[in-house]
Amino acid sequence: MSKGRRVSPGGTRSPAASLKRPRIDLLQAAADIVTALPDAVVVTGLDRRVLAVNQAAADLFGWQAKELVGQPIADQVAPGERVHVAEQEDKVFGGASQRYETKVLNHETGEERDVAVSSGPFRVDDELIGTVATLRDITEPKRAQDTLSRSEARYRNLVESASDAIVTLDANGRFTTVNHAAEIISGYRREELVGQWFAPMLSDDELPKALAHFQKALAGETGLFETQFYRKDGEGRTISVTYSTPQRDEEVLCLIRDVTDQKMLQEQLIQSEKMSAIGQLVSGVAHELNNPLAGISAFAQLLLAEKRFPPDQRTAAETIYSEARRASRIVQNLLTFARQHKAEKGPAAINQVLDDTLELRGYELRVRGIDVRREYDEALPDTMGDAHQLQQVFLNLITNAEQAMERTEGRHHRLTVRTRRSGDAIRIEIEDTGSGVPANLLERIFNPFFTTKPTGHGTGLGLSISLGIVREHEGRIWAENAPQGGARFVVELPVIVPRVSGEFPAALAAHPVGDSLHILVVDDEASVRVALQRYLAARGHDVETTASGQDALGLLRASEYDAVIVDMRMPDLSGEQLFEQLRSADREHAERVIFTTGDLVSEQMRRFLDGSGRPCVPKPFEFSSFDQVLPAARRRA
């Protein structure tokens, strides 16, 4: 065994051998790196022709690499970009590297591609021989960015043009973004809102509810609630807030809609439904009230007809008669105002319409201690108008005046209602002694939903409705402050010569009443039957009475009558039903019918009476009305 050094299993390696490395061709390595780059690399000479390209450049331009060599680089640039690229390359030749974006052509597909260019001088041994440029295709990212930008612009325009306010709030409840509608609804400018806390815009009563919903929103919930807030000018508005959370615990998105007008309209519709129901109720109540009033009035007339009636008792009877008539007018005015009816213009006496309206409010005016002064032009001509609609206008103005004076304490109040002719117009003034209307609000008070009354005391629709009615009558309405204080509302209506309206008369022209008539009175109200029987008998007529329409048919079949006085409303057979049966089976008696009713405002009844052609005496009645409508005396054998 040799005594030489033991050789390890892995063999030995000399130090010189361990330091040897494979020889690297640096130029070839650089060429390989350029070839492998994903970005296009283009080397151009001083003549701006291509000296060398990598495969990525060949793919970008749509050529084989060897086909590109020798071509002008300008041929690979989009025509509209060639001047721009030439200017950039001039700077590179001057020794300054450039970064810019441009468009190049792909000759295989014919499309333009967006590229980001990084270009610098190409030197060999410090000698400038051309440029070397790296081109990165950014077509797809740029298109994606353009699409994103268009989308953002579209949604930005959508948000800005929205009629509802769209705002975002940070976790502390401060506005971060607001749209244009938010500025309109709030009255604040955008720069005033951004960064501000929302709480000061809410009332103390509403703040806890809003904060509770804000906490829910931060927790990731979505929801909807209504609240009241104050605009910058101090006006209170009602808003509906829909909220969600784009970024939980960080941001809240709110869609806010001003629903003040909508809420007021809902309240007005509810009030309209109430008025419609009241109209139906009052129709029945009016008939029930007019029946006893007719009896009271009739018996008062009978007492007054007694020649030997003591003077002191005559005074009492006159008072009963006068108050019965007054109560009847109040019921009729209430019925007229509450009933819905089609607008119809006819002869209208403005002074009478005002009196009827004041009678409706008479009690309220008296208990409030408001004196009413009527300064009427008694020579005022009639005009064409819808008395019901005009009464609504005057009632609105009188009620507003009452409320204005009620809010002004410490003085004796007076309501002045004045009429006079002004050229070709009738001028109506309703003047109060309240606090007047602020000058800056005189033009706004006729706007829908605008009101100076406290919350819950008005809908802000009365004056706007009045404006519409007056304009429909081709007139004008405005407000001004009276010199001695208080507000004055002025209505001017044109004088239009009244024409025949086609309405049936309450009583026909007088007919001479000679010999005794055989008369049948059909009315379920005992007091009315007895009073008519006594009056007509005193006039020399032969009178029979019945409380039943069915019984009346039997009496009419058994005997002949010169006149049949029929109440329109009876429990077993109405006046209308009785008349229709007579018209089909006994036309002679049908032509002798005289109707009485306590409700002449009902459209259905008016249509029937118009179609019947028969006279109608409204309750409570004057006995003389029957003398006018009774037919001429018929002599019986």
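Residues numbered from 1 in each chain as written. Predicted model: local features only at pLDDT ≥ 70, side-chain atom pairs only at ≥ 80, totals over all residues. Heavy atoms only, no water.

> Go over the overall build of the protein chain with me, naming the residues and quoting the values.
When its secondary structure is counted, the protein chain shows 21 helices and 22 strands. Split into buried and exposed, the 637 residues of the protein chain put 41% on the buried side. Sequence-distant contacts, at least 24 apart, represent 60% of the contacts inside the protein chain between residues at least 6 apart. Carbon together with sulfur atoms contributes 51% to the accessible area of the protein chain, which is approximately 35400 Å² in total. (Helix = DSSP H or I, 4+ residues; strand = E, 2+ residues; numbered from the N terminus. Buried < 20%, exposed > 50% of the residue type's maximum accessible area, 1.4 Å probe, protein only. Contact = heavy atoms within 4.5 Å. Areas by Shrake-Rupley, 256 points an atom, 1.4 Å probe, with all protein chains shown as cover.)

> Provide a residue-level description of the pairing of strand β20 (residues 563-567), including the pertinent values.
Among the five residues of β20, five are classified as buried, and the element is accordingly described as predominantly covered. Going residue by residue along β20, you find Ala-563, Ile-565 and Asp-567 tucked away on one face and Val-564 and Val-566 tucked away on the opposite face as well. Where strand β18 (residues 518-522) and β20 come together, four bridges link them in parallel fashion. Residue pairing in the sheet places Ile-519 in a bridge with Ala-563 of β20. (Pairing = 2+ DSSP bridges.)

> Could you give an account of the pattern of salt bridges, naming the residues involved and the relevant values?
Opposite charge on two side chains allows them to pair when their charged atoms are near. Under the counting rule described, the total for this entry stands at 45 salt bridges. Residue Arg-476 pairs with Glu-492 through a salt bridge whose shortest N-O separation is 3.2 Å. Of the two residues, Arg-476 sits in strand β16 (residues 476-481) while Glu-492 sits in strand β17 (residues 487-494), which places them 16 residues apart along the sequence. Connected via shared salt-bridge partners are Arg-373, Glu-375, Arg-418, Arg-420, Arg-427, Glu-429, Glu-431, Arg-476, Glu-480, Arg-488 and Glu-492. (Salt bridge = Lys/Arg side-chain N within 4 Å of Asp/Glu carboxyl O.)

> Requested: an account of the sheet that holds strand β14 (residues 414-422), with residues and values cited.
As summarised here, the arrangement of the five strands in space is β12-β14-β15-β17-β16, forming an open sheet in which the pairing is mixed. Looking at the sheet topology across the chains shown, the edges are occupied by β12 (371-375) and β16. Here the strands of the sheet are splayed against their neighbours by 15 degrees on average, with no regard to which way each runs. Running over the sheet, helix α12 (residues 350-360) touches β12, β14, β15 (425-431) and β17 and is turned about 165 degrees from β14. (Axes fitted to C-alpha atoms, helices over the stretch in contact; angles between N-to-C directions.)

> Explain the confidence of the model for the protein chain to me, using residue names and the numbers behind them.
Residue-level pLDDT values for the protein chain average 82, and 84% of them are 70 or greater. Segment residues 1-12 is flagged for pLDDT under 50; beyond a separation of four residues in sequence, or across chains, it makes one contact in the model. (pLDDT = per-residue confidence, 0-100.)

> Residue-level account of empty space enclosed by the protein, with values.
The final tally for this structure, using the stated rule, is three cavities of 30 Å³ or more. Estimates place the volume of the largest cavity at around 380 Å³. Phe-175, Phe-198, Ile-239, Val-241 and Ile-256 are, among the 25 residues lining the largest cavity, the residues nearest its centre. If you list the elements that add at least two residues to the lining of the largest cavity, you get β6 (165-170), β7 (175-178), α7 (180-186), α9 (207-218), β8 (223-230), β9 (236-247) and β10 (251-258). By residue number, the principal contributor to the lining of the largest cavity is α9, which donates four residues. Considering only residue class, the lining of the largest cavity consists of 22 nonpolar, three polar and no charged. (1 Å grid on protein atoms, 1.4 Å probe; cavity = no way out; pocket = protein on both sides within 12 Å on 5 of 7 lines; lining within 4 Å. Points joined across faces, edges and corners; volume = space filled by probe spheres on them. Nonpolar A, V, L, I, M, F, W, Y, C, P; charged D, E, K, R; others polar.)

> Could you give me a rundown of the packing of aromatic side chains, with the residues and numbers involved?
Applying the stated criterion across every chain yields a total of nine aromatic pairs. Between Phe-579 and Phe-595, the aromatic rings sit 5.6 Å apart at their centres with planes inclined by 65 degrees, giving edge-to-face as the arrangement. Of this pair, Phe-579 sits in helix α18 (residues 575-585) while Phe-595 sits in strand β21 (residues 593-597); the two residues are 16 residues apart in sequence, bridging distant segments of the chain. According to the relative accessible area criterion, Phe-579 is buried, its value standing at 3%. Judged by relative accessible area, Phe-595 falls into the buried class, the value being 0%. Here the aromatic rings of Phe-621 and Phe-623 are separated by 5.9 Å at their centres, their planes lie at 50 degrees, and the arrangement is tilted. (Phe/Tyr/Trp six-rings, centres within 6.5 Å; stacked < 30°, edge-to-face > 60°.)

> Go over the packing of helix α17 (residues 549-558) against α18, please, and point to the residues and values.
Following both chains from N to C, one finds α17 and α18 inclined at 25 degrees, their axes separated by 10 Å at the closest point. One way to sum up the angle between α17 and α18 is to call them roughly parallel. For the element pair α17 and α18, the recorded crossing hand is right-handed. For the pair formed by α17 and α18, the contact residues are Gly-549, Ala-552, Leu-553 and Leu-556 on the first element and Leu-578, Gln-581 and Leu-582 on the second. Taken together, the residues of the contact of α17 with α18 break down into five nonpolar, two polar and no charged. (Parallel < 35°, antiparallel > 145°, perpendicular 65-115°, else oblique. Left-handed = near helix turned anticlockwise from the far one by under 90°.)

> Mind laying out the sheet that holds strand β3 (residues 98-105), listing which residues take part and the relevant values?
Overall, antiparallel pairing links the five strands, which are arranged β2-β1-β5-β4-β3 in an open sheet. Whereas interior strands pair on both sides, the edge strands pair on one side only; in this sheet they are β2 (50-53) and β3. Neighbour to neighbour, the strand axes of the sheet diverge by 30 degrees on average, direction disregarded. Where β3 and strand β4 (residues 112-124) come together, eight bridges link them in antiparallel fashion. Each residue of the ladder has a partner; that of Tyr-100, found in β4, is Val-117. Against the sheet, helix α5 (residues 82-93) touches β1 (40-45), β3, β4 and β5 (127-137), its axis set at about 145 degrees to β3. Along the sheet face, helix α6 (residues 139-161) touches β3, β4 and β5 and points at about 135 degrees away from the line of β4.

> Break down the environment of Thr-408 for me, citing the residues and quoting the values.
When you line up the elements, Thr-408 lands in the loop between α14 (387-406) and β14. Among the residues examined, Thr-408 registers a relative accessible area of 13% and is labelled buried. Measuring from C-alpha to C-alpha, the distance between Thr-408 and Gly-436 comes to 9.7 Å, with 28 residues separating the pair along the chain. Once residues lying within four places of it in the same chain are set aside, the contact partners of Thr-408 are His-413, Gly-434 and Ser-435.

> Could you give me a rundown of α9, with the residues and numbers involved?
Each α-helix winds once per 3.6 residues, and so residues spaced three or four apart point in a common direction. For α9, spanning twelve residues, the distance from its first C-alpha to its last is 17 Å, which sits close to the expected 16 Å at 1.5 Å a residue. Along α9, the positions that sit buried rather than exposed are Leu-207, Ala-210, His-213, Phe-214, Ala-217 and Leu-218. Seen along its axis, α9 keeps its buried residues to an arc of 140 degrees; they face one direction. Every exposed residue of α9 that faces more than 90 degrees away from the buried side is listed here: Pro-208 and Gln-215. Positioned one or two residues after α9, Gly-220 has a phi angle of 100 degrees, which is positive. (Expected span 1.5 Å × (residues − 1). Arc of directions from axis to C-beta.)

> Describe the environment of Lys-142, naming the residues involved and giving the relevant values.
Positionally, Lys-142 belongs in helix α6. Taking the C-alpha atoms as reference, Lys-142 lies 9.4 Å from Val-115; in sequence the two are 27 residues apart. Here Lys-142 is in contact with Glu-101 and Asp-114, once residues within four sequence places are set aside.

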